[in-house]
Amino acid sequence: MVAEKKDEPCALCGLKIEGPPVVRTFDGAEQHFCCAGCARVYQVARENGMLDQVLARSQPQRPRLADLAAPGETAHFALGGMWCAGCAVAAQQLLRHTPGVKDVDVSFAAERGRIQYDPNLVDPATLLAKLDGLGYRARLLGDPDEQRVGRQQERLLLQLVTTAAFGMQVMLLYLVQLYHLYAAGQFDSPDVRTLHYLAWALSTPVLFVGGWSFLQGAWRALRARTATMDTLVALGTLAAYGYSVYVTVTGRGEAYFDSVAMITTFILFGRYLERIGGAQARKDIRHLLTLQPDRAHRLVGPAWVDVAADILAAGDTILIKPGERVPADAEILDGAGAVNEALLTGESAPVAKAPGDTLYAGTVVTDAALMARVTRPARETRLAQITQAVEQTLSTRPPIQRLADRASAYFAFGILGAAVLTALGWWLAGHDPARAVLAAVAVLVVACPCALGLATPLALTVTLGRTTQAGILVRNPVALETAAQVQRIVLDKTGTLTRGQMTVTAVEPAPGVTKDDLLCPAAAVEQFSEHPIARAIVAAGPEDCPPATEFQALRGLGASAQVAGRRVMVGSARLLGVADDAPLAAPLAAEAQAHADRGETVVWVGWGEPAAGFIALRDKPRPTAREALRQLEAQHIRPVLLSGDNPRTTQAIAAELGLADYEGQCSPQDKAARIQGWQAAGEQVAMAGDGVNDAPALAQADLSITTAGGTDVAGETSDVVLTRADLTLIPWFIGLSRRTRRIILENLGWAFAYNLVSVPLAALGVISPVIAAAAMAASSLLVVGNSLRLRG
């Protein structure tokens, strides 16, 4: 209904109504519009719960991700000086007890941490200085002092050499003379006392130089009001050392300096091997961090000048010679050649590049010199974004690791109690104090909470290194746990199962409308959208289209804008009302159906009623789509295609790919509702989409995967991002996640079983302190070796 002219704004776009308004009634209230197009958009938006998206209002500038995560809210840091998983727990406790700190995560395996804090109460640099005072080396990520590769391993090797050198002398004293003298009952002879003093002198540097790491760790744990493996080892060795000193001074009894020397040596040797294993686990991650070159050839006047890569700015002209890495994201100005992007995307074949193409920082130019213009400086490149995301993922603990860390903390206190009870039991049973102390020391040393602490983070570190190399960016570590339990995966069609490179195959206008009259306003509207369909329509449209204003997007339905004084709608039959008023579109309906039956996408265009015509587009399935679906089904995961396209087109694509479960004409809200229904039935559901209009479904899914592989990685909000267009990465990632989960459960199972068996044996005196130290070191090494299997 068209009413008389009124001086009021349009209920949709807010523009002043120039002529008689178009009136529609909703819930008994009249709404006035400037044209039938605005009335139709308002009606469809209202029916689909999108009214808040399209009503006219001042649009504030969308905040960037960097603004949302403002400095002072979350800080990521590197943490050195940790000798075992207990050191990470102690650091967490120290930081968590600081007023203003909301949450802390520290990963021993990754040597990374994350702090959430109140910027009004806490300065991160000052906070980390507290850790420095306790022997840690904490640096905010990006701090130049954070580059310290290999130093801790070298220090540990030096301590091991020192410990072994003095420890061997102690053992020679015992093997050659003291054991024979003890066997003869000569505990207080002058020779024994002399040898005791000599053993005391040799074992002191073993404990206080070689064992400094666990003595320092025990002090940290005490300051943090917790107990760790360092606490247990320190108490055990100090008890044996103190008792032996007492025996040496008083001249009564057997000294256990041999136990002190061997316990310290075995533990230090085990930690050194752990450090090597951890370095192997972090090797892939560290390799990613070294892809950024330090130098670049920049054009300054008429000459090329070597400069530091980090001073490059957008607009600078640079030269990349054959065999060199690209120092910053850039656009090729001159030259053509192949570029190896394998270390960044996982794609092994070199990619041909020509003028106008994009070069990514860290990739290698293989066969020709290229001149390019910098588009993003070193700190903002795709490589920098991926590196930052990986660092943040490494510094966040998943739930299973939090559980293991809590268990190891309680476990340490339990072992302390068990050691006290063991000593009391042996003493009450009538044994001498020396025997009681020895049994308690064995209990303290044999227990291995460190294996519990290593079980999860080391496996996750290895897995993250492999996924990054393969071209998968894991933004949320919880995704590794969730992916292992996925039972159903929902896939979008355009840009996910298909290439997302649409081409216009037909333009079919209604009678009285020319092809240019149909295509031109459609292209004007779609120029504001990033959807593959929109890009194809813009590419097919003429260059002299009139400008469009008041653009509004209705996710899953289409878009509209004011073009040449009228509201033009471009989208589904549902948006244009074709399905509601079929006779108006009858001349075109049969033709549109024929295109849909061939697997083509039909986009309707109109500026009122009836529709002015439609545009048909074609998109081909990705080469890896069919194989990816086959692999998912082999993993007993049920793939489902949910598409916003019409049912006929969806059916055609599903049939081409061999998909049995599919549904067309699904809005983003419909997709989210379907996922919610499956979750209510007890299923773990993953969603893979291109990230353009799948936000509600991605947010609802237990595991969200973005397959677009866009250059702005920092802008992605999904759990997992595929940095190259290969759908077989999805089943590969799920398979790796399942294997990682299995390795973690094996590690935890071994750690619990080992302690369940070894602690009672030590308490009963079956295991001596020296054997206990060797067993404890072997337990941690088994966890390290099992985790490294994931690199194969």
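Residues numbered from 1 in each chain as written. Predicted model: local features only at pLDDT ≥ 70, side-chain atom pairs only at ≥ 80, totals over all residues. Heavy atoms only, no water.

Q: Help me understand the overall build of the chain, please; the structure alone is not making it clear to me.
A: From N to C terminus, the chain includes 28 helices and 28 strands. Taking the contacts inside the chain whose residues are at least 6 apart along the sequence as the reference set, 69% of them involve residues at least 24 apart. Accessible surface for the chain amounts to roughly 32900 Å². Of this, 56% is attributable to carbon and sulfur atoms. (Helix = DSSP H or I, 4+ residues; strand = E, 2+ residues; numbered from the N terminus. Contact = heavy atoms within 4.5 Å. Areas by Shrake-Rupley, 256 points an atom, 1.4 Å probe, with all protein chains shown as cover.)

Q: What is the right way to read helix α16 (residues 457-470) from this model?
A: Every α-helical turn comprises 3.6 residues, leaving residues that sit three or four positions apart pointing alike. With 14 residues, α16 ought to run about 20 Å at 1.5 Å a step, and its terminal C-alpha atoms sit 20 Å apart, in line with that. Most of α16 sits out of view: 12 of its 14 residues are buried. When α16 is considered as a whole, its buried residues turn out to be P457, L458, A459, L460, T461, V462, T463, L464, G465, T467, T468 and A470. Within two residues after α16, G471 carries a phi angle of roughly 100 degrees, on the positive side. (Expected span 1.5 Å × (residues − 1). Buried < 20%, exposed > 50% of the residue type's maximum accessible area, 1.4 Å probe, protein only.)

Q: Looking at this structure, how should I read the sheet that holds strand β24 (residues 638-642)?
A: Through backbone hydrogen bonds, the strands of a sheet pair up, either in parallel or in antiparallel fashion. Here 7 strands make up an open sheet; going across it, the order is β16-β28-β27-β26-β17-β24-β25 and the pairing mixed. Only two strands of the sheet have a single neighbouring strand rather than two, namely β16 (472-474) and β25 (662-663). Summarising the sheet, β24 and β25 pair through 2 bridges and their orientation is parallel. Following the sheet pairing, L642 is matched in β25 by E663. (Pairing = 2+ DSSP bridges.)

Q: Just to check I follow, could you spell out the pattern of salt bridges for this structure?
A: Inspection of every chain in the model, using the stated rule, returns 13 salt bridges. A salt bridge links E683 to R488; the shortest N-O distance between them is 2.8 Å. Within this pair, whereas E683 is found in the loop between α25 (668-680) and β26 (685-689), its partner R488 is found in strand β17 (residues 488-491), the two being separated by 195 residues in sequence. Residue classification places R488 among the buried residues on the basis of a relative accessible area of 7%. Notably, a salt bridge pairs R618 with E656, separated by 3.8 Å at the nearest N-O pair. Taken as a pair, R618 in strand β23 (residues 613-618) and E656 in helix α24 (residues 647-657) lie far apart in primary sequence, 38 residues in all. For R618, a relative accessible area of 24% corresponds to the partly exposed category. (Salt bridge = Lys/Arg side-chain N within 4 Å of Asp/Glu carboxyl O.)

Q: How should the nonpolar core be read in this particular structure?
A: Formed by 49 residues in total, the largest nonpolar core has its most connected members in Y174, F214, F257 and I415. A per-element tally of this core places helix α14 (residues 433-446) first, with 9 residues. Core analysis: the next-biggest nonpolar cluster, separate from the first, contains 39 residues, A459, L464, A688 and I705 among them. (Core = buried A, V, L, I, M, F, W, Y, C linked by side-chain atoms within 4.5 Å.)

Q: Just to check I follow, could you spell out the packing of aromatic side chains for this structure?
A: Think of a pair of aromatic rings as described by two things: how far the centres are apart, and how the planes are tilted against each other in angle. A complete count under the given rule lists 9 aromatic pairs for this structure. A centroid spacing of 6.0 Å and a plane angle of 75 degrees characterise the contact between Y241 and F257, whose relative ring orientation is edge-to-face. Of this pair, Y241 sits in helix α9 (residues 229-250) while F257 is found in helix α10 (residues 257-289), placing the two residues 16 residues apart along the sequence. Side by side, Y241 and F257 carry an identical accessibility label, which is buried. (Phe/Tyr/Trp six-rings, centres within 6.5 Å; stacked < 30°, edge-to-face > 60°.)

Q: Would you explain the packing of helix α7 (residues 190-210) against helix α8 (residues 212-223) in this entry?
A: Pairs of packed helices are described in terms of their axes, by the angle between the two and the distance that separates them. Put simply, α7 and α8 touch, their axes get as near as 5 Å, and they point 55 degrees apart. In this view, α7 runs oblique relative to α8, as classed from their interaxial angle. Mapping the contact onto sequence places L207, F208, V209 and G210 in α7 and W212, S213, F214 and L215 in α8. When the residues that make up the contact of α7 with α8 are grouped by side-chain class, the tally is 6 nonpolar, 2 polar and no charged. (Axes fitted to C-alpha atoms, helices over the stretch in contact; angles between N-to-C directions. Parallel < 35°, antiparallel > 145°, perpendicular 65-115°, else oblique. Nonpolar A, V, L, I, M, F, W, Y, C, P; charged D, E, K, R; others polar.)

Q: Hey, could you run me through the sheet that holds strand β11 (residues 337-340) in this one?
A: Read across the sheet, 3 strands follow the order β12-β11-β14 without closing on themselves; strand pairing throughout is antiparallel. One side of each edge strand has no neighbouring strand; the edge strands of this open sheet are β12 (351-353) and β14 (364-365).

Q: How should a negative patch on the surface be read in this particular structure?
A: On the surface, a cluster of negative charge is contributed by D516, D517, E543 and D544. Among the secondary structure elements, D517 is positioned in helix α19 (residues 515-526). (Patch = residues over 30% accessible without salt bridge, like charges linked within 9 Å, V, L, I, M, F, W, Y side chains within 5 Å. Lys, Arg positive; Asp, Glu negative; His and termini not counted. Charge placed at Lys NZ, Arg CZ, Asp CG, Glu CD.)

Q: Honestly, a nonpolar patch on the surface in this entry has me stumped. Any pointers?
A: A cluster of nonpolar side chains, namely V420, L421, L424, W427 and L428, defines an oily patch on the protein surface of about 570 Å² accessible area. Mapped onto the secondary structure, L421 falls in helix α13 (residues 399-428). We classify L421 as exposed; its relative accessible area is 61%.

Q: So what exactly am I meant to see when it comes to the environment of D670 here?
A: Along the chain, D670 turns up in helix α25. Non-local contacts of D670, meaning those with residues more than four positions away in its chain, are made with R574 and Q665.

Q: Hey, could you run me through the side chain of S560 in this one?
A: Positionally, S560 belongs in strand β20 (residues 558-563). Relative accessible area serves as the criterion here: at 0%, S560 is assigned to the buried category. Of the polar contacts made by the side chain of S560, one reaches the side chain of R567; its length is 3.0 Å. S560 has contacts with V41, V525, E550, F551, Q552, R567, V568 and M569, leaving out every residue within four places of it along the chain. (Polar contact = N/O pair within 3.5 Å; in protein donor to acceptor, adjacent residues only side chain to side chain.)

Q: I keep staring at the environment of V568 and nothing clicks. Help me out?
A: With respect to the helices and strands, the residue V568 is situated in strand β21 (residues 566-571). Once the C-alpha coordinates of V568 and F551 are considered, the two residues, 17 residues apart in sequence, prove to be 9.7 Å apart.

Q: Whenever I open this one, the packing of helix α23 (residues 625-634) against helix α27 (residues 729-763) confuses me. Can you help?
A: In contact at an axis separation of 8 Å, α23 and α27 are set at 25 degrees when each is read in the N-to-C sense. The angle between α23 and α27 falls in the class roughly parallel. On α27, the residues that touch A628, Q631 and L632 of α23 are I730, P731 and I734. Looking at the contact of α23 with α27 residue by residue, the class counts come to 5 nonpolar, 1 polar and no charged.

Q: Can you help me understand the environment of L782 in this one?
A: Here L782 shows up in helix α28 (residues 769-788). For the pair L782 and A751, spaced 31 residues apart in the sequence, the C-alpha separation amounts to 9.4 Å.

Q: I keep staring at the confidence of the model for the chain and nothing clicks. Help me out?
A: Caution applies to low-pLDDT regions: their predicted coordinates should not be interpreted in detail. The share of residues in the chain with pLDDT of 70 or more is 82%, and the mean pLDDT across the chain is 79. The low-confidence segment residues 143-150 (pLDDT under 50) makes 11 contacts with residues lying over four places distant or belonging to another chain. Confidence drops under a pLDDT of 50 for residues 580-584, and excluding neighbours within four residues, the segment shows 3 contacts in the predicted structure. (pLDDT = per-residue confidence, 0-100.)

Q: What exactly am I supposed to notice about the pairing of strand β2 (residues 29-33) here?
A: Regular strands place side chains that alternate from one sheet face to the opposite one. Where strand β1 (residues 22-26) and β2 come together, 5 bridges link them in antiparallel fashion. Its bridge partner being in β2, R24 is matched across the sheet by Q31. The turn linking β1 back onto β2 is made up of 2 residues, and D27 within it adopts a positive phi angle of 55 degrees.

Q: Sorry if this is basic, but what is going on with the side chain of D329 here?
A: Looking at the element boundaries, D329 is found in strand β10 (residues 329-334). Buried and unpaired, D329 has R376 as its nearest opposite-charge partner, separated by 4.3 Å. In this structure the side chain of D329 is engaged in a polar contact, spanning 2.9 Å, whose partner is the backbone nitrogen of A361. If we ignore the near neighbours within four places in the chain, the residues touching D329 are L359, Y360, A361, R373, V374, T375, R376, T381 and R382.

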